[in-house]
Each structure stands twice: as structure tokens, then as C-alpha cells.
Amino acid sequence: MATCQCRCGYNARNRKSLSKHRSQCGLIQGDIDHNVNILLSRGSSSGCASIGVNRDGYIGGDDCGNDNGSNYIYDFHDNNIWPFSASDTNEDTSDVESHCDDFMTDDDHSATISSAGDGPMIYDEFNGEQNSTSSSAIDRDDDSSSSSQDSFSNSSLSCEDESELPGYDPPMFSTTPLFSAAYKLQIELHTLFDKNKASLTMYDEMVKLFNGFFASNEFSKMTRLSTRKKFMAETEKLFGIAAMKPTYGCVRLEDNTVATVPVFDAKAMILSLLHDPSIMKHENFAPGYDIFTGDVLEDCECNQVYGEIHTGDAWIPARNQHCGKGGKFMPIALVLFGDKSHTDLHGSLSVEPVSFTLTLFNRDARNLPKFWRLLGYIPNLTAGKGEANRQSAKDKLQNLHNCLSYVLKSIRDINESGGIRTTVMGQNVHTKVWIHFIIGDCEGNNKWLGHYPGNNSGTARPYRDCECSFSDMCNTNPTCMYTTLREMAEAQSLLQRNKKEGSAVFQQMSRYIIRNALLQPGLPMSDQIYGAYRMTPPELLHTSGAGLILYMFRSIAGTIGAGIGRDDLDRQHVRMMQSIQRQSERDFPRGTTRNGIVDGTKCQASERRGNLFSLTCIAHTHDGLILKEEMKLSDDKWRSLKLFLRQYLAMEEWFHSDNNKLEVQNARRKIAKVLKMLQELFPRGEGTNGYNIPKMHGMTKMQSYMMRFGCAMNFFGGTGESSHKQFVKAPGQKTQRRVSEFAHQTAKQYHHVMVTHHALTCMTLRGENNSVHDTAAMMHDRIVMEGKYTIHTSGGWMEDNTLRLNNNLLGVYLRDHAEISQNNTITGYTHARIFDKDGIQSIFYAHPTYRSGPWYDWAFVHFLEGEEELYYPSRVLGFVETLEGVEAVIQCSVRPMKWTTVEKKMLVAFDLGDKDESFVRVPLSSFVHTLCVIRDYGGEKNKYFVVLPKRGWGCYFGKDIMKSSNEY
Ligand SMILES: [Zn+2]
């Protein structure tokens, strides 16, 4: 007896009547037993949000199959939900919706695709009788199905028979039911949300909040919720946090107009960090560091590397300068970040937020926006001035410094009043505050230091912090003379004595004659000799991503022109990106395929690095030889290009890693070598400055700044830029977007965000947080199997497979079916999620049709052959249940591979075995780690490369740098 799989409970005596019934209820579902099973298994993979543990300890599986399977297909028998009570609706609709969401977002696009593919197979059996329904039946609505079904099959227009005609559709608005208040509320809410482009989950979350409130004991009809403004004012009063409010200063500009500069009080901002228990936790502090004294703990291993900020050589002198050695004062060193931020295309709605974080936090914490606070916004001073703006560059810069000085005023105030005394983590402390270093892009840094912008051979000092000349810029291993505060002071006093001579000196220094906000007396800085001039380290996002890599790509584009070769390269790039995206190992820089690989435009600085990685992979494949031909490189040059690409990627990663201190100190020669290769391999054309560019010079300085402030990740611009989202982009969206008011309103919105956050933190602390942020329970040492399917092995079972499993996998099933088949059934899975003991998840796909294409992941698999431990890069073909638990079916490489080889070479070629012995079943515990493997496109069959993941690149670069002090 066959059963309809929808909830109608239909039992049919034979297949034919079932099929008839099915066509009426609009379902396409398997009728033959194994097809039903296979479809169900796919239903289960869609519904794996609700997983249970089965007997074998694996999660997922049979019990969630039935419900979800029928739910997601079509649930019209239950949609008779009118009239309803409020609670019922919520559950019901959200249930269906969430399943739909699962279905839409999860991997089961493949399920629809393949079940549509089932269509012909099912209908063939009935000799085309049901053909017409195969596509339309899915979408057809219940009520009209029987009638329209008829008219559909009788497509001829012989409509004389009344009974053959379609019935009259009743007018839609004639039957208006009575609305309950709750229902009305929901309609209004939906309309409101649609109008305001609210996110889909927001509605459900809001409904949940309302329901929680209605159900609480305190709920009363008399409660009135406050308006936004009133609520904010009340909250501010309640928590006594009026100090967080921005103040709006009027700053006089050079042309005697006045600009409004919103600033936040530095003291209140620092305290909001120091007092927040969710922030001041040990796991957020830099390891090996005493936050109360600023001492660097000698015996800690993490202080042997240039890692966190306190490991840099600038830390102890700065700490001693501001706090002394006695440990009497608590050091609060600020990392300042300033970068122009746009919220519209024309750049007129822009502000320059000045934000900061504290050096006592570790890098992971500093990467989160929550650890950053705002000092103020420098408004767009050129807005509305237009082309005819006759202000001199000097005046414009002075205006900026006037505003900046006002923004930094509260830091000076703290310093002048002798620090802040407060209680931090239960301890009374006296803190001293100073600015440790400043992050910004090239342009912004130049402005802040009052340095000439741009670069031409006439500029005496193209780089902002040293005395190097234009022709020194291309030197890959320069010895820089950094400019000092004294030099600046002497120039100033000369200027006062003799204006002409003084101006000449300033010109020689390539600096504007301005009153610099960073040189004000009373502003505490980390460096007493060089001042701000040695506190603006170069950073990779702008130096490399928007600098050197861009020039490399332009050089390639210039050499190969815009012909067929370029097109071929772009195609290969798309193919390579697809391949890189479908890997179990994902630790690689992300690129983009919006445009051609070497096109400079429409590509963010960070994505360019991903494109460079893609180019590196392409260059190592057989098809990549097109690049060699197009660039007309000799064999030697081609080899050195490939070496260079690997080394350059690795060097960037090395800058961002924690490296042994001696290794960093000895790295100059190695860095110089890579940069030299860059200049030779990618010549810049006529009419350019060649490599006499500040960005090249900045790259050589990276190492010296790493020695000062720890690993270059500490002064990476990307982190500050992401925190800009909370300081500008998000609050800026809520303003009226008028240029003149923009800075003002953005500050106000951000203030609201802070107040709400403060209240929420307090609520969480008191355990009164009703909005439960249910983070999925962390899983440890677990394996979750998903995408279940079953194959019945009695009879000719191979042909009936609807997932279109890989032939090699089927071969293994056929070969081993005596061992893996239980009760004439083989149970398999299409992906596995493996959690290690730290709860870190690795996903392995072995999916024949994941979003329209196969996705077979690779794993590094451990074998014990005799006494010898061997490792094979292997392709995962599938997962199958056996008596010993779930095993993976894999295809191994011909020869084993050592991971140290991969670490040494970055890309390692191997052959994939295609003989019977290469196809084996292994327990999932033998998967050592995830792997990124790329096919040698255009090369021999079964040739592949293992690619070292990004986290290993730093060591790859540092491996041949001397780690002893002998070199110098
Ligand atoms: Zn220099």
C-alpha cells in the first residue's frame, strides 16, 4: 500500500490511484518505496535545524525527516487558519516560515533541482498520463487545483459542456472577516516594516519581544511606552550617564566662519570602557601584560615575539615617561584612528570620525567595534564651497587642525588635571593617559602631520616621517633619518625671527606652516623625541592593497594589453575563485570577480589581495602559462615570478603575524629582496615615477614600525574602518542627510546607540535581559551528519538513485555493499560538520549537486601503514553509515605527503590515485584537518595542488630569516 506523504493521510491501494490523488493535491513525491525514502532523506537535510541525537551518537537523521520533508513542500491542508487566536498564529506561521527560510538559505536548493529532475522518471511509468502536471502541480493552489487541472488536461477549446468550464472566482474583497485587535496590530506592523526596509528576522524578533512583555507579570493596560526622545532622556537620567552626551563646539575657521564640531568627552569615553564588565575581562586583555602597572611580564613566552602593542620597543619608554617605573599609575595608552568616511556617492555627506581604543586589549578584542570609542567628528569643511573655493591649501589644512585640536582637547584636559582616578575591576587606580600611535591612510596621515601631499620629483621629502629624498623612495633597504620634534621647533623659531628663511626651511621639510594640533603643548604623546612624526605607521590596506598590488596589476595589464590573453586570464580567474570558494579550508584572502583580475577599478583594497592569491594559483597551473606567454617571460623570469608571488603574499601575512623578535630585526634583507623582485618583474611604464613612490618606501618601514608597536596587525587600517560602520555609516543612515547638519546629527544618533547599549549591559548584568540571545549551544568533539539519503539494495538499485551520486562513490558502494548495507539499505550523507575540542567547526561536503554543481571537499587523512604514520591528501566522495559508525569514502593521492613539505613550499603538486586501491573507507577520526586543493587546470588528469592556508604563510616567509643576532 502506498501512502501520500503530505498530511492528508491518504492511503491508496495501488500506485495508480496514489498518483491520481497526488496530482490532485499538488504534490510531487516519490511513490515507489525507495524514491520516497530518498526524497525524505533530502527533506531531512533541509530540516537539520532541529537535530536530535540518534543511537550512534551522531546528530541528525531519521526523526526529523518526515515532518520537515512534508512541511517544506507544501502545507495547504493546514493553512485553514482563519479565525485564529494570536498565539496560535505566531507559532504556526513562524514555524512554516522558518522552514521555508531553512529551505531557501540552506544547501537544499539542490533538493528542488533534483526533485524536479525526478519528474520525468516518475511520470514515465504512467506513460505520460500525468505529464501535464509535472511542472505546474508544485505551484498550484489547493482550492483551484481540481478544476484547473481539468481545464489543463483538456487543452482543446471545446467548452460546450458546462461542467467542463471553470467555476466563477468569488470577488476578493467581498468576504471581509472581523479583525481582532491583535491581528490589526500585526497588519500595521508588517506595513510599517515594509515601509522601512526592515530585515526579515526583525519582525519575528519584535513579535517575540511583545509577547514576552504581554506575558510578564508586570503587564498592565495602563503601561505606556515612551517616545524615543523621552525614553533616551529618562535612560540617561536613570543611569547617570549624562557625561556621554556629545557637546557641540563652535570652531573658528581661517575665513572667520564657524564650524560645528561634535565631540565626546575623552574621560567619559575611557571610563565607559574601563567600567564595562563585559569589556574588562581577562580574556580581552593582552597576554603577558599587567594592565594596572603596564609591566611586561618577563617569563611569558608571548613577549618573545613582536605581537601585542606592549611587546613593541616603544612601550616601556612611553610607560616610564608617563607613569614612572614604580607601578603607582595605571597606564591608559590610546590608539587613535582617523579616516574620512563617506555615506553617499558624492562625498559631501562625509565626516572624519576620530576614534580610539586602548592598548591594554588584545588584538582580537581591538578588532571588534565594541572596543572602540569616539572622540569626535571633524565635519566636512569643504561642503558647499564648490569649485570656486579659493582657500589656499594651507588654510584648508589649518581649518582641519583647528577642529582636530578641539576634538583632542579633552585628552589634554585629562593630562593637565593629572589623570583620572577611578575604580577598575574593584581596584582603586590613578590612570595616566597618552596617545600611543595613530592609524590612518596616507592622505590622512599627511594632513595630520601637516605634510605636503602627493609625490613628485620636486618634493624634497616625499615621505612624512623621514628625510629621504624622491630618489630614495625606490631604495628597497633604506636607512631612514626620522624627523625630530627639535627640528620642527627650530624651524618654528627661525620662522619667528626671519619669515623668509623660516618658510624656506619649512619648504625643505615639505611641511605647511600651520599650527599643528598634534604638536600642542599638553597633548600627551608616546614619543618624546620624534613626537607624532614617528607615530603614524604605514599600514597594509593602503600601502599594499591600494598601492603596490594595484601597481603590479596595472603593470600586467599594460604588458598583456586587452586582447584574448587578458580575456582568457579573467576566465581562469573566475574558475579559480569558484574552486577556492568550494574548499573545506577557507583561510585565504577573499577576492572578487566583479571585474577582471588585473582591472584596477571596482575592487576594494582588501579584495585585491585575494585576486593576487588567485593569480598565484593560476600561475602554478598548466593553463596559467598563458601569463608567461603574454608577459613574454623567459623560463628563468617565469620561475622567479612564481616565487615572487608566493613570497609577496607570505610577506604581507608575515607582517601581520607574531614573529620572533630576532627574526623581525633581521628581516630587512629578505623584505628588500622581495621588493627588488617586484620592481624588476613589474616595471612601471613611461610617464610614471617608477617605483619612486612613498608606498614603496612605506613598505620598507613596516619592519621598523613592527619593532616599535608590535605586529603590523596592531596598526592595520581595516579594523578601524570596520568600526566606522558603527560610528558613521549606521547612525548616519538615520539622519536627515543634510550636509550642514550631518556631523551634528550623526553624533546625536551615535549617542543614542551608546545610551541604549549602556542600559542593555546593565540589564544583562542584573540577569534581567528578556531578549534572550540564544547562541547555539557550543559543540565540542562532536560530529554532525547532514544530508541523509538511503538506497535500497534489493533489486536494481543503482539506477534509482536520484541524487546522482558520484560514480566512484557508487563503485565503492557496489564493491563494499556487503559490509555497509544494513537491512538491504545503504545510508549515506552528503556533508559532515566536525567540531574539535575547542568547538571549532570544519565542514566537509561530498555533495553531487550543491547549488547546481558538485562540491567534493578535500581532507588531510592520517593512515597507519605498519609502524609508519602517513598522511594523504584525499578527496571526500561521501559518508556512509556502517556498523562501526559513519565512515568517509575517500579517494587518496598516489603517494603520501608531509605537511612540512606544504609549509616549506606553499603549493605542492600531487597525483590523485584512480585505481581501485585508492578508493577506501576511513573513520572520520582519521581526518587530520581541512585542505584546499586546486586542480592543475589544463594539465594532466589527476594532477592537483595542495595550497598552504593563510595562517601558515608567515612562517613560510620567515623560515629563511636568521633567528640569531649574528647577522649584523
Ligand atoms: Zn626614509
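This one's a predicted model, so the numbers in the text were calculated from it and none came from an experiment.

A separate point is the overall build of the protein. When you go through the protein residue by residue, the secondary structure sums to 31 helices and 23 strands. With the model as given, the accessible surface of the protein reaches about 47,300 Å², and the carbon-plus-sulfur share is 51%.

Contact pair helix 11 (residues 266-274) / helix 15 (residues 409-416): the axes reach a minimum separation of 8 Å and the direction vectors enclose 80°. As judged from the angle between their axes, helix 11 and helix 15 are roughly perpendicular. Of helix 15, the residues touching helix 11 (which contributes Ala266, Lys267 and Ile270) are Ser410, Ile411 and Ile414.

For the structure on display, the rule yields 34 aromatic pairs. Relative to Trp372, the ring of Phe337 has its centre 6.2 Å away and its plane inclined at 80°; by these criteria the two rings are edge-to-face. Residue Phe337 is found in strand 6 (residues 330-338), and its partner Trp372 is found in the loop between helix 13 (363-366) and strand 9 (373-379); the two are separated by 35 residues along the sequence. Between Tyr705 and Phe709, the aromatic rings sit 6.2 Å apart at their centres with planes inclined by 20°, giving stacked as the arrangement. With Tyr705 and Phe709 both in helix 26 (residues 694-709) and four residues apart, the pair spans about one turn of that helix.

To continue, consider the coordination of the zinc ion. Coordination sphere of the zinc ion, protein contribution only: Cys466 (SG), Cys468 (SG), Cys480 (SG) and His697 (NE2), at 2.1 to 2.2 Å. If you look at the zinc ion, its four donor atoms make angles of 102 to 121° with each other, and the shape they trace is tetrahedral. By relative accessible area, which is 0% here, His697 ends up buried.

Relative to the elements of secondary structure, Asn659 occurs in strand 12 (residues 659-660). At a separation of 3.3 Å, a polar atom in the side chain of Asn659 contacts the main-chain carbonyl oxygen of Ser657. Once residues within four sequence positions are removed from consideration, Asn659 is found in contact with Val305, Tyr306, Trp654, Val664 and Met706.

Take the pairing of strand 22 (residues 927-935) next. Sheet analysis places strand 17 (residues 858-865) next to strand 22, joined by four bridges and oriented antiparallel. Considered in strand 22, the bridge of Phe860 is made with His929. Pairing between strand 22 and strand 23 (residues 943-947): four bridges, direction antiparallel. When the sheet's bridge partners are listed, Ile934 is paired in strand 23 with Phe945.

Take the side chain of Thr830 next. Within the element layout of this structure, Thr830 appears in strand 14 (residues 825-835). Overall, the relative accessible area of 2% leaves Thr830 in the buried class.

The distance from a side-chain oxygen at the start of helix 18 (residues 499-508) to the backbone nitrogen of Lys500 is 3.1 Å, and the residue carrying that oxygen is Asn498. Note on helix 18: the residue one or two positions beyond its end, Ser510, has a positive phi of about 55°.

A separate point is the packing of helix 19 (residues 540-560) against helix 21 (residues 605-620). Across the interface, helix 19 lies against helix 21 with an axial gap of 8 Å and an inter-helix angle of 45°. Overall, the two elements helix 19 and helix 21 adopt an arrangement that is oblique. The two elements helix 19 and helix 21 cross, and the hand of that crossing is left-handed. In contact with Leu541, Gly545, Ala546, Ile549, Leu550, Met552, Phe553 and Ile556 of helix 19, helix 21 contributes Ala605, Ser606, Arg608, Arg609, Asn611, Leu612 and Leu615. Broken down by class, the residue content of the contact of helix 19 with helix 21 amounts to ten nonpolar, three polar and two charged.

Turning our attention to the pattern of salt bridges. Counted under the stated rule, the structure contains 31 salt bridges. Glu443 is the partner of Lys447 in a salt bridge, and the nearest nitrogen-oxygen pair spans 3.6 Å. Here Glu443 and Lys447 lie together in helix 16 (residues 442-449), a separation of four residues that amounts to about one turn. Residue class for Lys447 comes out partly exposed when judged on its relative accessible area of 33%. The partner of Asp816 in a salt bridge is Arg815, with the nearest N and O atoms 2.9 Å apart. We classify Asp816 as buried; its relative accessible area is 7%. Because the salt bridges share partners, they merge into one network encompassing Arg815, Asp816, Glu819, Glu887, Asp916 and Arg921.

As for its placement among the helices and strands, Gly958 is situated in helix 31 (residues 953-958). Taking C-alpha positions, Gly958 is 10.0 Å from Asn666, a pair spaced 292 residues apart along the chain.

A separate point is unusual backbone geometry. Residues other than glycine seldom take positive phi values, yet Ser510 does so here, at roughly 55°. In this structure Ser510 comes out as buried when scored by relative accessible area, which is 0%. Positive phi, normally seen in glycine, also occurs at Lys632, with a value near 50°. With respect to the helices and strands, the residue Lys632 is situated in the loop between helix 22 (625-630) and helix 23 (635-655).

Strand direction decides the pairing type here: strand 3 (residues 247-252) and strand 4 (residues 258-263), joined by six bridges, are antiparallel. For Thr247, the partnering residue across the bridge sits in strand 4 and is Val263. Counting the residues between successive antiparallel strands, the hairpin from strand 3 to strand 4 contains five residues, one of them, Asn256, with a positive phi of roughly 70°.

Turning to a positive patch on the surface, a few remarks are in order. Where like charges cluster on the molecular surface, the positive patch consists of Lys898, Lys904, Lys905 and Lys959. Mapped onto the secondary structure, Lys904 falls in helix 30 (residues 899-905). Lys904 sits in the exposed class, given a relative accessible area of 53%.

Averaged over all residues, the pLDDT of the protein equals 78, while 77% of them reach at least 70. Across residues 1-156, confidence stays below pLDDT 50; counting only partners more than four residues off in sequence or on other chains, it has 199 contacts. The low-confidence segment residues 768-776, where pLDDT is below 50, has six contacts with residues more than four positions distant or belonging to other chains.

Attention now moves to a nonpolar patch on the surface. Judged by side-chain polarity, Leu185, Phe214 and Phe219 come together as a nonpolar surface patch covering roughly 260 Å² of accessible area. By secondary structure assignment, the location of Phe214 is in helix 9 (residues 200-215). Taking relative accessible area as the criterion, Phe214 reaches 39% and is therefore assigned partly exposed.

Moving on: the environment of Ser405. Its location among the elements puts Ser405 in helix 14 (residues 393-407). Taking the relative accessible area as the measure of exposure, Ser405 reaches 16% and is therefore buried. Along the chain, Ser405 and Arg515 lie 110 residues apart, while their C-alpha atoms are 9.6 Å from each other. Sequence-distant contacts of Ser405, that is, excluding residues within four places in its chain, are made with Arg412, Ala517 and Gln520.

Looking now at the environment of Ile420. With respect to the helices and strands, Ile420 occurs in strand 10 (residues 420-424). Residue class for Ile420 comes out buried when judged on its relative accessible area of 3%. Measuring from C-alpha to C-alpha, the distance between Ile420 and His430 comes to 5.8 Å, with ten residues separating the pair along the chain. Excluding anything up to four places from it in sequence, Ile420 contacts Lys267, Ile270, Leu271, Ile414, Val429, His430, Thr431 and Val433.

Conventions we followed
- The numbering scheme is per chain: residues are counted from 1 as the chain's sequence reads.
- Reporting in this predicted model follows two pLDDT cut-offs: at least 70 for local features of residues, and 80 or more for side-chain atom pairs to be given and counted; totals over whole chains, interfaces and linings ignore these cut-offs and use all residues.
- Only heavy atoms go into the side-chain values, all of them from the structure, while hydrogens and water stay out.
- For the purposes of this entry, the term helix denotes a DSSP run of H or I that reaches at least four residues, the term strand denotes a run of E that reaches at least two, and both are numbered from the N terminus.
- In this description, accessible areas are obtained by the Shrake-Rupley approach with a 1.4 Å probe, and a residue is regarded as covered only by the protein chains that are shown.
- Angular values range over 0 to 180 degrees, each being the angle between N-to-C directions of two axes fitted as lines to C-alpha atoms, with helices fitted over their stretch in contact.
- Should an angle fall under 35 degrees it is called roughly parallel, over 145 degrees roughly antiparallel, and 65 to 115 degrees roughly perpendicular, with every other angle called oblique.
- Any two residues whose heavy atoms approach within 4.5 Å are treated as being in contact.
- What counts as a ring pair is set by centres within 6.5 Å for rings of Phe, Tyr and Trp (its six-membered ring), and what kind of pair is set by the plane angle: stacked under 30 degrees, edge-to-face over 60, tilted for all other angles.
- Each metal's donors are the N, O and S atoms found within 2.8 Å of it, except that Na, K and Ca use a 3.2 Å limit; water is left out, so coordination can look incomplete.
- Working rule for geometry: tetrahedral if four donors all subtend angles between 85 and 135 degrees; square planar for four, octahedral for six, if opposite donors exceed 155 degrees and the others stay between 65 and 115; irregular in every other situation.
- Buried, partly exposed and exposed residues are distinguished by accessible area as a fraction of the type maximum, computed with a 1.4 Å probe on protein chains only: under 20%, between the cut-offs, and over 50%, respectively.
- Polar contacts, as used here, are pairs of N or O atoms within 3.5 Å; protein pairs need one atom able to donate a hydrogen and one able to accept it. Residues neighboring in sequence count only if both atoms are side-chain atoms.
- Here, any two strands with at least 2 DSSP bridges between them count as paired.
- Crossing handedness is read from the near helix: turned anticlockwise from the far helix by less than a right angle, it gives a left-handed crossing, and turned clockwise, a right-handed one.
- Gly is put with the polar residues, along with every residue not named as nonpolar or charged; the nonpolar set is Ala, Val, Leu, Ile, Met, Phe, Trp, Tyr, Cys and Pro, and the charged set is Asp, Glu, Lys and Arg.
- One side-chain nitrogen of Lys or Arg within 4 Å of one carboxyl oxygen of Asp or Glu is enough to make a salt bridge.
- Patch membership needs two things, relative accessible area over 30% and no salt bridge, and members are linked within 9 Å if like-charged or within 5 Å if nonpolar (Val, Leu, Ile, Met, Phe, Trp, Tyr).
- A residue counts as positive if it is Lys or Arg and as negative if it is Asp or Glu; His and the chain ends are not included.
- Where a charge lies is defined by one atom per residue type, namely NZ (Lys), CZ (Arg), CG (Asp) and CD (Glu).
- For every residue, the pLDDT score states the predictor's confidence, bounded by 0 at the bottom and 100 at the top.

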